[in-house]
Amino acid sequence: MDAEASNERYALMDGVVELPRIGSVISDSSTVVPYGVADADGARVDAIDVWVRDLVMCDRSTRTVRAYCYSLLTWFRVLWFLGVSWNHATESDVAAMVGWLRSASNPQRRRSPASTNVAGAVNLKTGKPELALGYSPSTINVALAATYQFYAFHGHSGQGPVLNPVPQSPQRRRALAHRSPIESRQRHRRARLRQKTADTLPRSIPDSLWSELFEVLRGPRDRALLLCFVSSGARASELLGATNGDVDWDHQRIWVISKGTRMRRPVPVSPEALLWLAGYVHTATNPDVAAPLWRTLRKPERALSYSAARRVFQRVNVVLGTNWTLHDLRHTAAVRMATDGTLTLPEVQTVLGHADLRTTSRYTVPRMEEMVETMAAFYARPTPALHLHADYDAADFSVVFGD
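As the structure is a computational prediction, the values presented were derived from the model and not from experiment. (Residues numbered from 1 in each chain as written. Predicted model: local features only at pLDDT ≥ 70, side-chain atom pairs only at ≥ 80, totals over all residues. Heavy atoms only, no water.)

(A) Main features of the pairing of strand β2 (residues 35-38). Alternating positions in β2 separate into two faces, Tyr35 and Val37 on one and Gly36 and Ala38 on the other, with burial throughout. Where strand β1 (residues 24-27) meets β2, four bridges bridge the pair, whose relative direction is antiparallel. Bridge pairing in β2 places Ser24 opposite Ala38. (Buried < 20%, exposed > 50% of the residue type's maximum accessible area, 1.4 Å probe, protein only. Helix = DSSP H or I, 4+ residues; strand = E, 2+ residues; numbered from the N terminus. Pairing = 2+ DSSP bridges.)

Right, dumping it as structure tokens:
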């Protein structure tokens, strides 16, 4: 490696230079390859198309393929900037990508001029930290995982480099190997360049703040949507994909396509949610059973996307000074079910669609809001009076130790 190439890598890692945003992720639902990556000239990257085809053959979900393509777009932008062919990449090129992701600003984190939230600060009303301006450690680890699998596939087929440029941890491979479910999970070291991620507990919306949030919402659609979220515990992508025919009014449930199994399953909703939903459905211009249940308010009506639903929450956050997200509604539903005492933990697991009961048990941990009230009562308790044991004579005790 010459000095000029080394300086380019260090400049990229330190964030001194901006990575050119060339190329794009393209989609084509008419072919076997649903997503791909195009270069600056609009030509598809064949090496990525071959790998994506293999992902589809291995029954990877469309969302996973899309996320991996965006990670590979970042990786190829680094290679195009450094002038390195993908089959000649080394670990130093991967380090340059990680360094740039750690120092660059994320365009999705740009805040409006009216926003007063400070990046990385803790919101005093919700207790949740504000998103930082850069890329999160999880995003960097996903990019490393996608790049590793890309080279693992081409190395297996004999088309890529013999040595995978993304470093791996042998301890992690052994820890994730087959083991008995009654055995404790083994600790392992992170591989080089892997970022440390914090294991945070789910954050739910307290009842007092929920009433405030519900009052700020505009119209029956937004209120019906949030009530369906918080009473069913469904994921955002699951509920937003429902159609008019998926609502089972008689049994108070909505049929959704599960994110994990990709099979249709029913999720229960509360009578209050159905009441608001009925008022919203009557305003639909397309009552066909195959029409999307959740639609945009602007004409012509379209299916409500995740970005549009998130925008509803963003408007509420600006008014209330909070930073709630759509996924917090699922956490809120899970905490209410797990701590009420009416449902058992396996029943809550079934409603939420968790594959492992240990995931559901995370919602049984006491919330900080409840602990603050309990600790306030603990500090306010009266100090117990001191009494001598019956075997001691008070006069002798006074002579020895004083009054």
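The structure having been displayed, the exposition proceeds.
(B) Highlighting the packing of aromatic side chains. Summed over the entire model, instances satisfying the criterion amount to 13 aromatic pairs. For the ring pair Trp75 and Tyr151, a centre distance of 6.1 Å and an interplane angle of 80 degrees mean the geometry is edge-to-face. Taken as a pair, Trp75 in helix α3 (residues 62-82) and Tyr151 in helix α5 (residues 137-156) lie far apart in primary sequence, 76 residues in all. The pair Trp75 / Tyr151 is uniform in exposure class, with both members buried. Residues Trp86 and Tyr151 carry aromatic rings whose centres are separated by 6.1 Å and whose planes lie at 45 degrees to one another, so their mutual orientation is tilted. With Trp86 in the loop between α3 and α4 (91-103) and Tyr151 in helix α5, the pair connects residues that are 65 residues apart, well separated along the chain. Three or more aromatic residues joined by ring pairs make a cluster, and in this case those are Trp51, Tyr68, Trp75, Phe76, Trp80, Trp86, Phe150 and Tyr151. Over the ring of Trp210 we find Arg336, and its NZ or CZ is 5.5 Å from the ring centre. (Phe/Tyr/Trp six-rings, centres within 6.5 Å; stacked < 30°, edge-to-face > 60°. Lys NZ or Arg CZ within 6 Å of the ring centre and 35° of its normal.)

(C) Up close: the domain arrangement of the chain. Structurally, the chain comprises domain 1 (1-170 + 187-199) and domain 2 (205-360). Spacing between the C-alpha centres of domain 1 and domain 2 amounts to 32 Å. Residue-level contacts link 12 residues of domain 1 with 12 residues of domain 2. Interface of domain 1 and domain 2: buried area, both sides summed, is about 960 Å²; carbon and sulfur atoms make up 40% of it. When the area that domain 1 buries against domain 2 is broken down by residue, the three leading residues are Lys125, Thr126 and Lys128, summing to 54%. Where domain 1 touches domain 2, the interface holds three salt bridges. Residue Lys125 is joined to Glu212 by a salt bridge in which the shortest nitrogen-to-oxygen separation is 3.4 Å. (Domains from an automatic or database assignment. Contact = heavy atoms within 4.5 Å. Buried area = accessible area lost by both parts, 1.4 Å probe. Salt bridge = Lys/Arg side-chain N within 4 Å of Asp/Glu carboxyl O.)

(D) Local environment of α3. For α3, built from 21 residues, the straight-helix expectation of 30 Å at 1.5 Å per residue is met to within 8% by its first-to-last C-alpha distance of 30 Å. Remark: Gly83 follows α3 within two positions and exhibits a positive phi of approximately 70 degrees. (Expected span 1.5 Å × (residues − 1).)

(E) Molecular detail of unusual backbone geometry. Here the bond from Lys299 into Pro300 is cis, since omega is -5 degrees, no more than 30 degrees from zero. For Asp59, which is not a glycine, the phi torsion comes out positive at approximately 65 degrees. The class for Asp59 is exposed, based on a relative accessible area of 51%. At Gln252, a residue that is not glycine, the phi angle is positive and equals roughly 55 degrees. Take Gln252: it is sitting in the loop between β3 (247-248) and β4 (253-257). Residue classification places Gln252 among the partly exposed residues on the basis of a relative accessible area of 35%.

(F) The pairing of β4, seen in detail. The side-chain alternation of β4 yields one buried face, formed by Ile254 and Val256, and one unburied face, formed by Arg253, Trp255 and Ile257. Bridging between β3 and β4 involves two bridges; their strand directions are antiparallel. Along β4, the bridge assignment pairs Val247 with Ile254. The antiparallel hairpin formed by β3 and β4 contains four residues in its connecting segment, where Gln252 sits at a positive phi of about 55 degrees. Relative to strand β5 (residues 264-268), β4 runs antiparallel, the two sharing five bridges. Considered in β5, the bridge of Val256 is made with Arg265. Counted along the chain from β4 to the antiparallel partner β5, the turn is six residues long, and its residue Arg262 has a positive phi close to 60 degrees.

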